[in-house]
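Letter by letter, the chains look like this.
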Amino acid sequence: MSVVDNTSETRPQRGLLIIEVLPGGSAEVAGLHPHDLITRYGEFEVIDKASFFSARDHYEQANASVAEIVLWRGPTRIVAKVPPGRIGIKCT
């Protein structure tokens, strides 16, 4: 996981809000936390559940070995890498 301190960007209003990180999942391994806001999955913008699942399915069907996600923890932009597929989160 990489923390990107970029003060020119502000936390987006839309994305996928993580409610719970399931133990043992790749989200936990990647360092994701409850209340993180996922805004990008690979090259796809994430604005809601549908866009997240669409991007996830794209990477899974492409047999990609890893997907880079962008998330926000408060005002901090973070980049993490996860394997495509279910990552072990509950979300809104």
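Throughout what follows, the structure given in this document is the object of discussion.

Moving on, we get to helix α2 (residues 49–61). The terminal C-alpha atoms of α2 lie 18 Å apart, and with 13 residues this matches the ideal 18 Å at 1.5 Å per residue to within 8%. Residues of α2 that are buried in the fold lie against β2 (16–21), β3 (37–41), β4 (44–45), β5 (67–73) and β7 (89–91). One side-chain oxygen of the residue at the start of α2 lies 3.3 Å from the amide nitrogen of Ala-50, identifying that residue as Asp-48.

For any pair of aromatic rings, the description consists of the separation of the ring centres together with the inter-plane angle of the planes. Scanning all chains against the criterion turns up four aromatic pairs. Ring centres of Tyr-41 and Tyr-59 lie 5.5 Å apart, and the angle between their planes is 65°; this geometry places the pair in the edge-to-face category. Linking Tyr-41 in strand β3 with Tyr-59 in helix α2, this pair joins segments that are 18 residues apart in sequence. Feature note: the residues Tyr-41, Phe-44, Phe-52, Phe-53 and Tyr-59 constitute an aromatic cluster, connected by ring pairs.

Along the chain, the position of Phe-52 falls in helix α2. In the structure, Phe-52 is positioned 14 residues away from Ile-38 in sequence and 8.4 Å away in space, judged by C-alpha atoms. Discounting chain neighbours no more than four positions away, the residues touching Phe-52 are Leu-16, Ile-38, Tyr-41, Val-46, Ile-87 and Ile-89.

Quick look at the environment of Ile-89 now. Structurally, Ile-89 can be placed in strand β7. In this structure Ile-89 comes out as buried when scored by relative accessible area, which is 17%. Separated by 25 residues in the primary sequence, Ile-89 and Ala-64 have C-alpha atoms spaced 20 Å apart. With residues near it in sequence (within four places) discarded, Ile-89 still touches Leu-16, Ile-18, Glu-20, Leu-22, Ala-27, Ile-38 and Phe-52.

Attention now moves to the pattern of salt bridges. This model, assessed by the stated rule, comprises four salt bridges. For Glu-20, the salt bridge is made with Lys-90, and the minimal N-O distance between the two is 3.7 Å. Of this pair, Glu-20 sits in strand β2 while Lys-90 sits in strand β7, and the two are 70 residues apart along the sequence. You can call Glu-20 partly exposed: its relative accessible area is 32%. Accessibility expressed as a relative area gives 44% for Lys-90, which makes it partly exposed. Where Arg-73 meets Asp-36, a salt bridge forms, and the shortest distance between an N and an O atom there is 2.8 Å. Taken as a pair, Arg-73 in strand β5 and Asp-36 in the loop between α1 (26–30) and β3 lie far apart in primary sequence, 37 residues in all. Since its relative accessible area comes to 1%, Asp-36 is described here as buried.

The rules behind each value
- Residues numbered from 1 in each chain as written.
- Predicted model: local features only at pLDDT ≥ 70, side-chain atom pairs only at ≥ 80, totals over all residues.
- Heavy atoms only, no water.
- Helix = DSSP H or I, 4+ residues; strand = E, 2+ residues; numbered from the N terminus.
- Expected span 1.5 Å × (residues − 1).
- Contact = heavy atoms within 4.5 Å.
- Polar contact = N/O pair within 3.5 Å; in protein donor to acceptor, adjacent residues only side chain to side chain.
- Phe/Tyr/Trp six-rings, centres within 6.5 Å; stacked < 30°, edge-to-face > 60°.
- Buried < 20%, exposed > 50% of the residue type's maximum accessible area, 1.4 Å probe, protein only.
- Salt bridge = Lys/Arg side-chain N within 4 Å of Asp/Glu carboxyl O.

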